[in-house]
Amino acid sequence: MRALVWHGKEDIRCDTVTDPEIEDGRDVIVKVTSCAICGSDLHLFHNFIPAMLPGDVLGHETMGEVVETGRNLNGKLKKGDRVVVPFTIVCGECDQCKRGYYSVCQKSNRKKHLADKVFGHTTAGLFGYSHLTGGYPGGQAEYLRVPFADTTVQKVPEGIPDEKLLFLSDIFPTGWQAAVQADIQPTDTVAIWGCGPVGQMTIRSAILLGAEQVVAIDNIPERLEMAEAGGAITINFDEENVVERLNELTGGEGPEKCIDCIGMESHVTLSMPDTVYDRTKQLLLAESDRPHVLREMIYVCRPGGLISIPGVYGGLVDKIPMGAAMNKGLTFRMGQTHVQRWTPDLLRRIEEEQIDPSFVITHEVPLDRGPEMYRTFRDKQDSCIKVVLKP
Amino acid sequence: MTNISSLTSLSNITRSEGDPKVLRSGPSSRGVPDSLAKGLGWFSLALGLTELLAPRSITRPLGMEGKEALVRVYGVREIGSGILSLSVDKNLGLWSRVAGDGIDIATVMTALRHDNPKRDNVVVALALLLGITAVDLIDAKAHSARHSRDVGRKRSYRNRSGFPRGVQASRGAARDFKTPDDLRHAPHLAKVSPRTSAA
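Residues numbered from 1 in each chain as written. Chains lettered and ligands numbered in written order. Predicted model: local features only at pLDDT ≥ 70, side-chain atom pairs only at ≥ 80, totals over all residues.

In the nomenclature of an unreviewed UniProt entry, chain B is known as Cyclase dehydrase of Methylorubrum suomiense.

As recorded in an unreviewed UniProt entry, chain A goes by the name Zinc-binding alcohol dehydrogenase, listed as coming from Methylorubrum suomiense. Heading Cofactor (unreviewed entry) of the UniProt record for chain A holds this comment: "Zn(2+)". (UniProt positions renumbered as here; feature names shortened; annotations may be inferred.)

Structure follows, in structure tokens:
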């Protein structure tokens, strides 16, 4: 089959690889009908996530049709089922899964010893996201083997196009969880840093959950335009001072809820000297992540407020103003998304037409154009915001 | 399609039986300007380390004895350019190399004196420097053009709300959602402060 394969920094190729095979009774093989490139795939593209190996198949936003099943699926899946494959692989049996904390499933990471060493304790296995999270081949491919399939996948009905359902695999529940864990109240101002695909979904989620004011921060005009179309007030940080504008919009009090949809690769610019400092340290291997957004959120957030972090961080950050965070009594909530916790409810909201997540798709191309589209997406060329690939 | 690298073959030992393994490789997302930038980055690192650790190997053949400290400084600059050219900020690395070439040429020109017994070497060094400057300039321009945000169409997303019923009708449409107990935060102000509520 064909698959998008990581060969090194900025080196992704559409390779011919062997077909995946059933290994366990709870596995299924999915024939992929649609998959997407995620913003967090760019961290892999840039080689900022450790433990990638040449030959790793990428992709963690996938859907398709079950074409082969293991023998121990408890009657929950059969050939021909249409499924969305969440990026988190979950056993459904461990204490964390029972709590609904699926992204920290204790059993699904088959390279648990690596995660135990790096993180202290293992987290869930993820598709196509380094050997720290199991080294599972990803879904930017013609076929995907799904472990623990009976508890991992979300069955979806026929009659709704892939484009409306695909993002149940990651960015829609990620944006939703980012907003839900902020416990949005009707009087809240919610400030969202980053108007990439996750930021766009977070904006829509905050609107649906009834925030009084949603403010979106970025510097890419077309992304800000899409954010505005979704109901956000926008701040272009190339043109306005973010802290001053947020204070102005909140009567000098600061936003109650701040959401970081950027993560480890904050924009670097001379007008924000700390970003240059971070980039320099990163080049010298003295820091892995650039946490400018975290600093700004801690500074501007209203005392007693909450900081929600769906953006991916990979390692070590420097110069975090913990004094401000502690004295202001801020609450931090973060983590990979517990996708399976939210997908049934979000599927219903798509069916009821509360939201149509396909709004974010700007490019739809065949799988073999994937390598080129990684570059287009990274360089923000051709007004690219979200790429869907068709194997 | 090309054959796979030995590193890719080696990594197959970490994969389980049912995992896909690469048979043949397709074209890379890296273009010629990216690959050339990588080569120039390694060249910068090698040259920079030589300048930093063995400056006399540069100054002596050019008749520039006494300038070792300056060459060491250039070595640090060259290493910086190399690191940048190998990073995802290749543009900065490549243009810093072009600027560095200009400084190098100006410095070597000072040795082009009639009383310098190594004048012939200086001429050769200048020819090499001009050649590498041309390569750096071509690659910096090609890389900038390839990765510019201006490539492609400019599109408007003004009508992409994502809400089939429109934004206004969608505000609070998910109020039926009950925040799980483990994700609750501060209570709604109106519920705890009659004064604020009345206001």
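Participant: Please provide a residue-by-residue account of the UniProt feature "domain: Alcohol dehydrogenase-like C-terminal" (unreviewed entry) in chain A, values included.
Facilitator: The sites that carry the UniProt feature "domain: Alcohol dehydrogenase-like C-terminal" (unreviewed entry) are, in the present numbering, residues 197-268 of chain A. Counting secondary structure, residues 197-268 of chain A comes out at 40% helix and 19% strand; the distance between its end C-alpha atoms is 20 Å. (Helix = DSSP H or I, 4+ residues; strand = E, 2+ residues; numbered from the N terminus.)

Participant: Could you give an account of helix 2 (residues 32-53) of chain B, with specific residues and numbers?
Facilitator: Residues and elements named next belong to chain B. The end-to-end C-alpha separation of helix 2 is 32 Å, in line with the 32 Å expected for 22 residues at 1.5 Å each. Those residues of helix 2 that fall on the buried side of the exposure criterion are Pro33, Asp34, Leu36, Ala37, Leu40, Gly41, Ser44, Leu47, Gly48 and Glu51. The arc that holds every buried residue of helix 2, seen down its axis, measures 150°, which confines them to one face. More than 90 degrees from the buried face of helix 2, the exposed residues found are Trp42 and Leu53. On its buried face, helix 2 sits against helix 3 (56-59), helix 4 (68-86), helix 5 (90-109) and helix 6 (119-147). (Expected span 1.5 Å × (residues − 1). Buried ≥ 20, exposed ≤ 12 C-beta atoms within 10 Å, placed from the backbone. Arc of directions from axis to C-beta. Contact = placed C-beta atoms within 7 Å.)

Participant: Explain the sheet that holds strand 2 (residues 11-17) of chain A to me, and be specific about the residues and the numbers.
Facilitator: The strand order across the open sheet built from four strands is 4(A)-1(A)-2(A)-1(B), with neighbouring strands paired in antiparallel fashion. The open sheet has two free edges, formed respectively by strand 4 (56-57) of chain A together with strand 1 (22-24) of chain B, since each of these has just one partner strand. In terms of strand pairing, strand 2 of chain A meets strand 1 of chain B through two bridges, oriented antiparallel. Along strand 1 of chain B, the bridge assignment pairs valine 17 of chain A with valine 22 of chain B. The strands touched by helix 14 (residues 370-378) of chain A within the sheet are strand 1 (2-8) and strand 2 of chain A, with strand 2 of chain A carrying the most contacts at an inclination of about 160°. (Pairing = 2+ DSSP bridges. Axes fitted to C-alpha atoms, helices over the stretch in contact; angles between N-to-C directions.)

Participant: Lay out the interface of chain A and chain B with the relevant residues and their values.
Facilitator: Taken together, the 64 residues of chain A in the interface contact 58 residues of chain B. For the side of chain A that touches chain B, the secondary structure elements donating two or more residues are strand 1, strand 2, helix 7 (197-208), helix 8 (221-229) and helix 14 of chain A. Counting residues per element, the side of chain A that touches chain B draws most heavily on strand 2 of chain A, at seven residues. When the residues that make up the side of chain A that touches chain B are grouped by side-chain class, the tally is 25 nonpolar, 18 polar and 21 charged. (Nonpolar A, V, L, I, M, F, W, Y, C, P; charged D, E, K, R; others polar.)

Participant: So what about the UniProt feature "domain: Alcohol dehydrogenase-like N-terminal" (unreviewed entry) in chain A? Which residues, and what values?
Facilitator: Here, UniProt's "domain: Alcohol dehydrogenase-like N-terminal" (unreviewed entry) annotation points to residues 26-150 of chain A. In this annotation, residues 26-150 of chain A is assigned 16% helix and 26% strand; the end-to-end C-alpha distance for the span is 7 Å.

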